[in-house]
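What follows is the residue order along each chain.
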Amino acid sequence: MDKDNSRTSGKLGTFAGVFTPSVLTILGIILFLRLGYVVGNAGLGRALIIIALANTISILTSISLSAVATNLRIKGGGDYYLISRTLGLEFGGSIGLVLFLAQSVSIAFYCIGFAEAVAGLLPASIALPPRLIAFGAVSFLFIFAWLGADWATKFQFVVMASLVAALVSFFWGGWIHWDSALLTANWTNGGSSVPFWILFAIFFPAVTGFTQGVSMSGDLADPGKSLPTGTFLAVGISIIVYFATALIFAAAMPNSELAGNYRAMKSVSRFGFLIDAGVVAATLSSAMASFLGAPRILQALSADRIFSFLNPFAKGYGPSANPRRGVLLATAIAFAVIALGQLNLVARVVSMFFLISYGLLNYATFFEARTASPSFRPRFKWFSPPLSLVGFLTCAGAMLAIDPKSGAAAIAVLFAVHQYLRRTAGPARWADSGRAYHMQQARNHILSTNKYPAHARDWRPHLLVFAHGRAKREALLTFSSWIEGGSGFAQTVQIVEGEGAIARKQRSEMHKELVGLISEHQLPIFPLTVSTPEFSDALSVLLQGTGFGPITPNTAVLNWFGKADDTIPCINRYNYIQHLRTIFRFGNNIVVLRNDAETWDRVRNAPVEGRRIDVWWQNNATSRLMLLFAYLMTRTKPWSEAAIRVLTQGTGANIEVEKQGLSKTLDDVRIEAEAVVVSSLEPEVVVDNSKNADIVFVPFTLKTNQLMDSTGKSFDRSLPKLPVCALVLAAEDIDLDSEPEEGPAAQIAAAADALETARKRAEKAEKYAGKAHDTVDMMKRKLQQLEEEGDSGAIPLDKHKDLKEKVTSAEEAAKKAFRNAAKAKTKAEDAAKSAGKIIENPDPPEK
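Predicted model only: the values in this text are computed from it and were never measured.

Procedures and definitions
Residues numbered from 1 in each chain as written. Predicted model: local features only at pLDDT ≥ 70, side-chain atom pairs only at ≥ 80, totals over all residues. Heavy atoms only, no water. Helix = DSSP H or I, 4+ residues; strand = E, 2+ residues; numbered from the N terminus. Buried < 20%, exposed > 50% of the residue type's maximum accessible area, 1.4 Å probe, protein only. Contact = heavy atoms within 4.5 Å. Areas by Shrake-Rupley, 256 points an atom, 1.4 Å probe, with all protein chains shown as cover. Core = buried A, V, L, I, M, F, W, Y, C linked by side-chain atoms within 4.5 Å. Salt bridge = Lys/Arg side-chain N within 4 Å of Asp/Glu carboxyl O. Pairing = 2+ DSSP bridges. Right-handed = clockwise from strand over helix to strand, strands pointing away. Expected span 1.5 Å × (residues − 1). Bend = angle between axes of the 7 residues up to and from the residue. Phe/Tyr/Trp six-rings, centres within 6.5 Å; stacked < 30°, edge-to-face > 60°. Axes fitted to C-alpha atoms, helices over the stretch in contact; angles between N-to-C directions. Parallel < 35°, antiparallel > 145°, perpendicular 65-115°, else oblique. Left-handed = near helix turned anticlockwise from the far one by under 90°. Polar contact = N/O pair within 3.5 Å; in protein donor to acceptor, adjacent residues only side chain to side chain.

**Student:** Explain the overall build of the protein chain residue by residue, including any values.
**Tutor:** Scanning the protein chain for helices and strands turns up 29 helices and 12 strands. Buried residues in the protein chain amount to 51% of all 847 residues. Sequence-distant contacts in the protein chain: of pairs separated by 6 or more residues, those separated by 24 or more amount to 82%. Counting only carbon and sulfur atoms, one obtains 58% of the accessible surface of the protein chain, whose full area is about 39,800 Å².

Next up, the structure:
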């Protein structure tokens, strides 16, 4: 049987595999020996609050557990498996190790509790040391753990029967002793000196057993169904039992007696000996559950080969792959803890480990949901991400409330293991939710950029690197990662000319080779390989269609024209120049890297401290782009100590003026560089001044069928004598000193201000026109009155005439006011349209 190391499907169902170990651990020693103490010191009201708060963690974590359990096909390892497959190897490995230790130590705790209970039952003539009894309990439970989960669960059924009998006896006795007046009197206890959170800390271990069934996940026939059902049944029944027990205590005994009598349950019970049996059963069942869980966590952790020294513990025995080696190690740890005897501090730290595991389980579920991955489809329909987050925060709050020092110690251990794994762990052996999380974050952030107008301050290098051929590809990709400077994106593309199956096969092979090169050198570049009948057609499509949203190429990087294996596919220099023109016409900057094996080795082997970058300056768009690339290079580790020189032309008296002006420009754009003025930009001067640099940025232009330098001459006279050179042509003018108040945002703000002003004027004009209209109406009514009085001869004729003239004048003023209001309204509408156009399509930064 030992030779059979294969695991078959588990056989345990919901009741035997999840409900029984969970409920037996929850209804443990705290129920029998400490709940009465909590009720007596806190009063019934506060005791019910303590029970409710503690079980809130149980319920919230059970919801998270059910969501993850119904979304994954759970294998062995319980909490460890769920957390590692969601949060990754580092979190999973650290929590798996500490959970194994915590459960192994818990075996000793429960057995010591068993020993103390048994020692109190023995007659004085038979005095056995509790430590010896604890050793015997561990040895007894070891037999069942060694035989396997089937034997252990059969033992648990016996324990379950004893527990049920004890509870029936207690509730029977409580019914007999029920006193409603005493229940009311025990609602509060103002005389207790024990703080609320101390009582909470005493009670909280009672609810830490609801994940014991998860540890048996590898032995379950249907984990996805059994785990949520069994866990919720165990938690629900235990909540009812704890609340009912607290009520019985408060109605059966005064607070003063409850607070000083750890065996109050026996005093209330109808048959006291059943309570003694229940105490024994509760301690043994909790220890048995830990005995089953700890080795299986270790086995799953070892099978993942995270810690090499644990690899032997992955071996299982029998059809169910019983982790006997883990059982031996857990037994040894339990014996060691019992022998040491100093348990108080360790007990608090162990409780913190359990709280951390519950918190991480809640966070893992929240994290999985936040990724919005299409693969997250839990069958458990009552799951809610906010509830999982509340569960995580509740666990963290409980740790701080119970024992901040022990919580800090547990977190420190977990963090230390996490950092160790982060530095030493190899490649991930499974797919966790990390990539899905980053994908969702990328989606959210990219969509958020649409809410903000583009600005020159936002410019970043988005490189499209044409890495055709093998000869100089490594150098080109490495250089591209330098000028990207950790602030933009780089995508390298290979174009395979051809059609049919041969081209597709070649494309697949070349792409695999490209991916391997990028991975080998750990370059921050995305690979792309396409096949096409014609290179020029693919080039146009790539320039227009690569990327999405704000992440589209703005700079093309390629090798200097040479052998067909060195640069983009082209027949001759003429085609090469035409391809560059195509790139430029589509609004992309161009960077052409010229190097050979000798110059590249010189750059690669140069000490970091003494490197130098030369930039040849003409105070134009290309110069500003070259200066920015040189600066971005200094943000990478290989060039972090490099010096930048900016060289420009000046003669005679203008030399000092040019130098001062260039220095001021460098100071304005906040780039630390040395300003150098040379006599001319002729090839010989360029070579003489930059031959000792490591990388040289020089501008170029496209004329006829050649790349020309700044003097209009061919590069044949300078490039062969220079170190690695980057030839640059800018298709856009980057403002290196742009102000926040400039650009589209300023246009939108100005348009909004103009709109607001126009609307206010329109409102003012309409208000004035309305008043003028009211004045005309009033004067007309008065005129009519005068005319009626004039018929009787009471009003002089001249007064009537003056009023009539005033009415006419007021009518003209009112008409004018309405015309002005209409004009103001039209201007406001035009301003609104202009503002809308600017918001929808602000002017882009200048090309």
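**Student:** For the nonpolar core, give the residues involved together with the corresponding values.
**Tutor:** If you look at the biggest cluster of nonpolar residues, it comprises 138 residues, and the most contacted ones within it are L31, F32, F203, Y242 and L355. Ranked by residues supplied to this core, first place goes to helix 5 (residues 89–121) with 18 residues. Among the nonpolar cores identified, the runner-up in size contains 50 residues, and L593, V603, L632 and A642 belong to it.

**Student:** Describe the pattern of salt bridges, with residues and values.
**Tutor:** Under the defined criterion, the tally for this structure stands at 15 salt bridges. What you see here is one network of salt bridges that share partners, running through R263, K266 and D276.

**Student:** Let's hear about the pairing of strand 2 (residues 489–497): which residues, and what values?
**Tutor:** Sheet analysis places strand 1 (residues 462–466) next to strand 2, joined by five bridges and oriented parallel. In the strand pairing of strand 2, F466 is matched with V493. Handedness of the crossover joining strand 1 and strand 2 through helix 20 (residues 473–484) is recorded here as right-handed. For strand 2 and strand 3 (residues 526–532), the ladder comprises seven bridges, and the chain directions are parallel. Paired with Q491 across the bridge in strand 3 is F526. Viewed along the sheet, the connection from strand 2 through helix 21 (residues 500–521) into strand 3 turns out right-handed.

**Student:** Help me get a handle on helix 20, residues and values and all.
**Tutor:** For helix 20, with 12 residues, the first-to-last C-alpha span of 16 Å sits near the 16 Å given by 1.5 Å per residue. Counting buried residues in helix 20 gives 11 out of 12 residues, a clear majority hidden from the surface. Among the residues making up helix 20, those that are buried are R473, A475, L476, L477, T478, F479, S480, S481, W482, I483 and E484. In the stretch just after helix 20, G485 is the one whose phi turns positive, near 65°.

**Student:** Explain helix 3 (residues 35–69) residue by residue, including any values.
**Tutor:** The end-to-end C-alpha distance of helix 3 is 32 Å, clearly below the 51 Å that 35 residues give at a rise of 1.5 Å each. Taking the largest bend as the criterion, helix 3 deviates by roughly 120°, centred on G43. Taken across its 35 residues, helix 3 has 29 buried, putting it largely inside the fold.

**Student:** Summarise the environment of F535; cite the residues concerned and give the values.
**Tutor:** Structurally, F535 can be placed in helix 22 (residues 535–545). Residue F535 is classed as buried on the basis of its relative accessible area of 2%. Spatially, the C-alpha atoms of F535 and E497 are 6.3 Å apart, while their sequence positions differ by 38 residues.

**Student:** Tell me about the packing of aromatic side chains, and please be specific about residues and values.
**Tutor:** How two aromatic rings sit relative to each other is given by the distance of their centres and the angle of their planes. The tally for this structure, following the rule as stated, stands at 30 aromatic pairs. Taking the centre distance of 6.3 Å and the plane angle of 0° together, the rings of F307 and Y420 count as stacked. Here the residue F307 occupies a position in the loop between helix 14 (272–303) and helix 15 (324–340), and Y420 occupies one in helix 18 (residues 404–424), the gap between them amounting to 113 residues. Among the residues examined, F307 registers a relative accessible area of 3% and is labelled buried.

**Student:** Can you break down the packing of helix 3 against helix 17 (residues 385–402) residue by residue, with the values?
**Tutor:** Contact pair helix 3 / helix 17: the axes reach a minimum separation of 9 Å and the direction vectors enclose 140°. The angle between helix 3 and helix 17 places the two elements in the oblique class. Taken as a pair, helix 3 and helix 17 cross one another with a handedness that is left-handed. Counted together, I57, L60, I63 and S64 of helix 3 and L387, S388, V390, G391, T394, C395 and A398 of helix 17 form the full contact between these two elements.

**Student:** I'd like a rundown of unusual backbone geometry, residues and numbers included.
**Tutor:** Across residues other than glycine, the phi torsion is negative in most instances, and most of the peptide bonds are trans. Of note in this structure, R305 is not a glycine but carries a positive phi near 55°. Within the secondary structure layout, R305 lies in the loop between helix 14 and helix 15. Of the residues examined, R305 reaches a relative accessible area of 47% and is grouped as partly exposed.

**Student:** Give me the environment of L355: which residues, what numbers.
**Tutor:** Of note, L355 is situated in helix 16 (residues 344–370). Looking at L355, the relative accessible area reads 1%, which means it is buried. The residues contacting L355, other than those within four sequence positions of it, are I57, F204, C395, A398, M399 and I402.

**Student:** I'd like a rundown of the sheet that holds strand 2, residues and numbers included.
**Tutor:** Strand order in this open sheet of 10 strands is 3-2-1-4-5-12-9-6-7-8, and the pairing throughout is mixed. Edge strands, defined here as strands with exactly one partner in the open sheet, are strand 3 and strand 8 (674–678). Taking each pair of neighbouring strands and ignoring which way they run, the sheet shows an average axis angle of 25°. As paired elements, strand 9 (residues 695–699) and strand 12 (residues 724–729) share five bridges and run parallel to each other. Looking at the pairing, F697 lines up with A726 of strand 12. With respect to the sheet, helix 26 (residues 654–668) is in contact with strand 7 (643–649) and strand 8, its orientation differing from that of strand 8 by roughly 150°.

**Student:** Explain the environment of G224 to me, using residue names and the numbers behind them.
**Tutor:** Relative to the elements of secondary structure, G224 occurs in helix 11 (residues 223–252). When the C-alpha positions of G224 and L72 are compared, they lie 7.5 Å apart, and in sequence the two are 152 residues distant.

**Student:** Now, about the side chain of T70: what can you tell me, with residues and values included?
**Tutor:** Within the element layout of this structure, T70 appears in the loop between helix 3 and helix 4 (79–87). At 3.2 Å, the side chain of T70 forms a polar contact with the backbone nitrogen of R379. Among residues more than four places away in sequence, those in contact with T70 are G224, P228, R377, P378, R379 and F380.

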